[in-house]
Amino acid sequence: MAIDYSVRRATQHCAATGRELQPGEAIVSVLHDEAGEVVRRDYSAAAWDGPREGAIAWWRSRLPDDGKSGPAPREALLRLLDEWADRPDQVAARYVLALLLMRRRVLRPQADGFLTGLRGDPSGDEPAPALRLVCRERDEPFDVVVATPTAREATEIEQRLAELLGAA
């Protein structure tokens, strides 16, 4: 399973005004929780009046000339990892996101090893192993259930993360 994600194209339109965003324009990208789904919206900096209820993470950038938005900042990725901690339906996506953050050197295994014991599997059938990871910037642990996705799930997770985060 690949954990490289192509950078997603920005929406090219401001979510607040509907106005077309111009190359070089300052924008704010926001991850929202809408009915249990994480959705990305782009806003012109002029129309941005702060995060609304349900906002998970947001960051400022400029719309490049080629229309591709860059990767989400580390803190936005960590907030999404936090948000998915209590979401059993996101256990596989959270595991893939944690692997991506390890690859980007944002998270690292805790000194006492990868496996920290057993955690409840979201299906409730049996315990599942977990990774204990530490954030280099926050110096706090993240316990992530090892939930290797199926090939179909991996493709869906890859597409979803690319759309949400423009992660690379």
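Residues numbered from 1 in each chain as written. Predicted model: local features only at pLDDT ≥ 70, side-chain atom pairs only at ≥ 80, totals over all residues. Heavy atoms only, no water.

### What to know about the pattern of salt bridges
The condition is simple: Here, a salt bridge means any side-chain nitrogen of Lys or Arg that lies within 4 Å of a carboxyl oxygen of Asp or Glu. Buried residues are those whose accessible area, probed at 1.4 Å on protein chains only, stays under 20% of the maximum for their type, while exposed residues exceed 50% and partly exposed ones sit between those limits.
All chains considered together, the criterion is met by 11 salt bridges. Among the salt bridges present, the one from Asp 49 reaches Arg 52, with a minimum N-O distance of 3.1 Å. A relative accessible area of 57% means that Asp 49 is categorised as exposed. Through salt bridges that share partners, Glu 75, Arg 79, Asp 82, Arg 138 and Glu 140 make up one connected network.

### Digging into helix 3 (residues 151-165)
Under the convention used in this document: Numbering of helices and strands runs from the N terminus; a helix is a DSSP stretch of H or I covering at least four residues, while a strand is a stretch of E covering at least two. Multiplying 1.5 Å by the residue count of a helix minus one yields the expected span of that helix. An arc is given here, and it is the one of the directions from the helix axis to the C-beta atoms. Residue contacts are defined here by distance: any two heavy atoms, one from each residue, within 4.5 Å place the two residues in contact.
The end-to-end C-alpha separation of helix 3 is 21 Å, in line with the 21 Å expected for 15 residues at 1.5 Å each. Inspection of helix 3 places Ala 154, Ile 157, Leu 161, Ala 162, Leu 164 and Leu 165 among the buried residues, and these make up the whole buried set. Along the long axis of helix 3, the arc covered by the buried residues comes to 170°, so they all point the same way. The exposed residues of helix 3 that point more than 90 degrees off its buried face are Arg 152 and Glu 163. Residues of helix 3 that are buried sit in contact with strand 1 (26-34), strand 2 (37-44), strand 3 (55-62), helix 1 (74-83) and helix 2 (91-103).

### As for the confidence of the model for the protein
Convention followed: pLDDT measures the predictor's confidence residue by residue and takes values from 0 up to 100.
With 78% of its residues at a pLDDT of 70 or more, the protein has an overall mean of 77. Least confident of the elements in the protein is strand 5 (residues 115-120), whose mean pLDDT is 49; most confident is strand 7 (residues 141-145), at 88. In this model residues 1-9 is a low-confidence stretch, pLDDT under 50, and it forms 37 contacts with partners more than four residues away in sequence or in other chains.

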